[in-house]
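Below, each chain spelled out in residue letters.
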Amino acid sequence: MGARVLRVPRGDRRRVHLDLLPGQYTQLTTAFTTGASQTSAEVYVHGWYGQGDFWIDDAVLDGPPGEGDGDGDGDGDGGEDPGTPDPRLADNALIGYLHTSFANGSGYIRLDDVPAEWDVINLAFGEPTTPTSGDIRFSLCPAAECPNVESKAEFIAAVDRKQAEGKQVLLSIGGQNGQVQLTTAAARDAFVNSVSAVIDEYGLDGLDVDLEGHSLYFNAGDSDFRNPTTPVIVNLISALKSLTAKYGEDFTLSMAPETFFVQVGHQFYGGTSAGDNRTGSYLPVIHALRSELDVLHVQDYNSGPVMGLDGQYHNMGGADFHIAMTDMLKAGFQVANTGQFFPGLREDQIAFGLPAAVSAGNGYTPPAQVHQALDCLTSGANCGGYTLRGGPSPDLRGLMTWSINWDRYYGWEFMDSHRPYLDGM
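These notes cover the structure that comes with them. Going along each chain's sequence as written, the residues are numbered from 1 onward. In keeping with the model being predicted, local features are shown solely for residues with a pLDDT of at least 70 and side-chain atom pairs are shown and tallied solely at 80 or more, while totals for entire chains, interfaces and linings include all residues. Here the side-chain values reflect all heavy atoms present in the structure, with hydrogen atoms and water set aside.

### A few points about the packing of aromatic side chains
- Each pair of aromatic rings taken from Phe, Tyr and Trp, with Trp reduced to its six-membered ring, is defined by centres within 6.5 Å and is described as stacked if the planes are under 30 degrees apart, edge-to-face if over 60, and tilted in the remaining cases. Applying the stated rule across the entire model yields 18 aromatic pairs.
- Their ring planes at 90° and their centres at 5.3 Å tell us that Phe 260 and Phe 261 sit as a pair that is edge-to-face.
- Linked through ring pairs, Tyr 97, Phe 102, Phe 125 and Trp 402 together constitute an aromatic cluster.
- Charge-over-ring contacts are defined here by two conditions on Lys NZ or Arg CZ: a distance within 6 Å of the ring centre and an angle within 35 degrees of the ring normal. Above the face of the Phe 342 ring, Arg 290 is positioned so that its terminal group lies 5.2 Å from the ring centre.

Given below as C-alpha cells:
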C-alpha cells in the first residue's frame, strides 16, 4: 500500500489521475470535493492482494488553484512566478480591434470617434515587410481607401486623449494576412527594434500578439511546451521577453490566438503528432510569458469543434463553447500525448473573443448566449449542465471582439449589449 498527501485549497473540486506500471500504463481517476474547512487530502493507492509489486507514475492533482499556492504541487512555493494583475487594465474590460491600416468594407473610424465604452483598443495591424524579416511596420489607412483618415499627428494626439481617459491603446501585430516567422536571431532582433520604434513613435501602451496562419509551428520532435526548440517559437518568446523587460510595468501584453493553437493542443500537439504541425503552438509562448501576460483572449470563432475537459466536442456559436474553452484556460489541461500538464492562468488574465456581428467572422454568438457564458464562468450559475473544472472566476477580465468597426456597421449591438452587462458583474 502507498499513500501520497496532496494539499488542496478548501472548497475546490479536485480530480487525481494515477498511472500504474509495469506492463502498460493504466490511468485511474477519482474525483472529490473538499469541505469548507478542509485544507489537505490523502489519496491512497494499493494493488490487488497476491498480485505482486506495482509502481505508480505521474500522479496528477487536476483542479483550480483556488486559495492555494497555485502550482498544484503543494509545496507552497507558487511554482512558476505567476505575476500580478495589471492595475492599469480595466476590470470587466471591453476590448476591441480597430481597423487602423485598412477599412475592410466596414468603414474607417477615427480613433477620437471610438466610443468611451471601449477600455482597450487594439490597432490592427502592424505587419512585417516579409514573413521572415521580423521588421514590423505600421501605418494609417491610405486616404484612397479611408477618405476620413486623420493625419499622423492627429492620430498620435488621439492616442494621448484616449490614455488620459484611462483607456489603453495597443499595437496588434499579425492578423490574417500578416505572417510573422522569426526564424533567425536577426529576425528576432529586428522584431524587437521595429516594434519598439512603433510603440515609441505613437506613444502606445503595449503589444497584442495576433499571429495566425503559418506564423507558429513545431519542428518534428519538439514535444515539451516547457522547453521548446523550434526557432520561430524560441525567438518569439525571446523577443517578447525583451520587450516586456525594456518597458517594465508600463507595458501591456495581450495575445489573441485561435483555438487551434491553444485548446486543440489538448488533443494534438504539433511536434509529436502526424497531423498539422501547428496545433497547440501558442502553448509554449503563453507558458513562457505567463508572468508577463496581461490578457489572453482566444478567438472563440472561425473554429471547428474542440474537445473540452469533459471529453465532449463543443461547437462555436453558443454559450457552451465559450464556457468550455474558457474553463480550459483557467483549469489547465493535459497536452495531447506528451504526458505534460499545461497549468491554468489567473482568472484576471483571461477573456474570450467574439465576432461583433455575422459579417465579422464565423461563430457569431447572440448576446443572451454570451451573458449565459459569463454567468457560468464568473459565478458557476446557468452553466447548462457543464461542470466548471476551474471553478468560478469572478475576476475574469472581460470580452474581446473583432471588431469595433464591424460593431458600428451593425449599429453597436456588441457594445450596447455587453458594456452594461460587464458593468453589472
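Moving on, there is more to tell.
### A short note on the environment of Ala 239
- By the criteria applied, helices consist of DSSP H or I runs no shorter than four residues and strands consist of E runs no shorter than two, each listed in order from the N terminus. Secondary-structure assignment places Ala 239 in helix α3 (residues 231-247).
- Of the residues examined, Ala 239 reaches a relative accessible area of 0% and is grouped as buried.
- Remark: the alpha-carbon pair of Ala 239 and Val 195, spanning 44 residues in sequence, is separated by 9.8 Å.
- Those residues within four positions of Ala 239 in sequence are excluded, and the remaining contacts are Leu 182, Arg 188, Phe 191 and Val 192. Relative accessibility decides the category of a residue: with a 1.4 Å probe and only protein chains considered, values under 20% of the type maximum give buried, values over 50% give exposed, and everything between is partly exposed. What makes two residues a contact is simply this: any of their non-hydrogen atoms within 4.5 Å.

### What about the pattern of salt bridges?
- Salt bridge, as used here, is a side-chain nitrogen of Lys or Arg placed within 4 Å of a carboxyl oxygen of Asp or Glu. What the rule picks out here adds up to 17 salt bridges.
- Between Asp 86 and Arg 88 there is a salt bridge, with its nearest N and O atoms 3.2 Å apart.
- With relative accessibility at 8%, the residue Asp 86 sits in the buried group.
- Take Arg 88: its relative accessible area is 28%, and that puts it in the partly exposed class.
- Between Glu 347 and Lys 330 there is a salt bridge, with its nearest N and O atoms 3.6 Å apart. Remark: Lys 330 occurs in helix α5 (residues 319-331) and Glu 347 occurs in the loop between β16 (340-343) and β17 (350-355); sequence separation between them is 17 residues.
- The class for Lys 330 is buried, based on a relative accessible area of 7%.
- Each of Asp 91, Arg 346, Asp 348 and Arg 397 takes part in one network of salt bridges that share partners.

### Considering the state of the cysteines
- Any two cysteine sulfur atoms lying within 2.5 Å of each other are counted as a disulfide. In this structure the tally under the stated criterion is 2 disulfides.
- There is a disulfide in this structure between Cys 141 and Cys 146, and the S-S distance comes to 1.9 Å. Between Cys 141 and Cys 146, the S-S dihedral sits near 70°, and the bridge is therefore right-handed.
- Judged by its relative accessible area of 4%, Cys 141 is buried.
- Classification of Cys 146 by relative accessible area gives buried; the value is 1%.
- Between Cys 376 and Cys 383 runs a disulfide, and the two sulfur atoms are separated by 2.0 Å. Taking the sign of the S-S torsion, 95° for the link of Cys 376 and Cys 383, the bridge is right-handed.
- Among the residues examined, Cys 376 registers a relative accessible area of 0% and is labelled buried.
- Here the bonded cysteines of the protein are numbered in sequence order, and their pairing is 1-2, 3-4.

### Examining the side chain of Ser 393
- Secondary-structure assignment places Ser 393 in the loop between α6 (367-379) and β18 (398-402).
- With residues up to four places along the chain from it excluded, the contact list for Ser 393 reads Lys 330, Glu 347, Leu 377 and Thr 378.

### Some points on α5
- Each residue after the first adds 1.5 Å to the expected span of a helix. With 13 residues, α5 extends 18 Å from end C-alpha to end C-alpha; this agrees with the ideal 18 Å at 1.5 Å per step.
- In terms of burial, α5 is largely enclosed, as 12 of its 13 residues are buried.
- Within α5, burial applies to Ala 319, Phe 321, His 322, Ile 323, Ala 324, Met 325, Thr 326, Asp 327, Met 328, Leu 329, Lys 330 and Ala 331.

### Some points on the pairing of strand β6 (residues 93-99)
- Across the 7 residues that make up β6, a large majority, 7, are buried.
- The alternating pattern of β6 places Ala 93, Ile 95, Tyr 97 and His 99 on one face and Leu 94, Gly 96 and Leu 98 on the opposite face, and all of these are buried.
- Pairing of β6 with strand β7 (residues 120-128), which is carried by 5 bridges, proceeds in the parallel orientation. Opposite His 99, over in β7, you have Ala 124 as the bridge partner. Each pair of strands is called paired provided DSSP finds at least two bridges between the two strands.

### Quick word on the pairing of strand β10 (residues 206-211)
- Burial of β10 is extensive: 6 of the 6 residues sit out of reach of the surface.
- The two faces of β10 match: Gly 206, Asp 208 and Asp 210 on one face and Leu 207, Val 209 and Leu 211 on the other face are all buried.
- With 6 bridges connecting them, strand β9 (residues 168-175) and β10 associate as parallel partners. Bridge assignment links Ile 173 to a residue of β10, and that residue is Val 209.
- Handedness rule for crossovers: strands pointing away from the viewer, path from the first strand over the helix to the second running clockwise, crossover right-handed. One crossover worth recording links β9 to the parallel β10 by way of helix α2 (residues 185-202), and it is right-handed.
- Bridge count for β10 against strand β11 (residues 252-255) is 4 bridges, and the pairing is parallel. Directly across from Val 209, in β11, lies its bridge partner Met 255.

### Looking at the environment of Trp 412
- Of note, Trp 412 is situated in the loop between α7 (404-409) and α8 (413-423).
- Overall, the relative accessible area of 18% leaves Trp 412 in the buried class.
- Trp 412 sits 297 residues away from Pro 115 along the chain, and the two C-alpha atoms are 10.0 Å apart.
- Non-local contacts of Trp 412, meaning those with residues more than four positions away in its chain, are made with Ile 109, Pro 115, Trp 118, Ile 404 and Asp 407.

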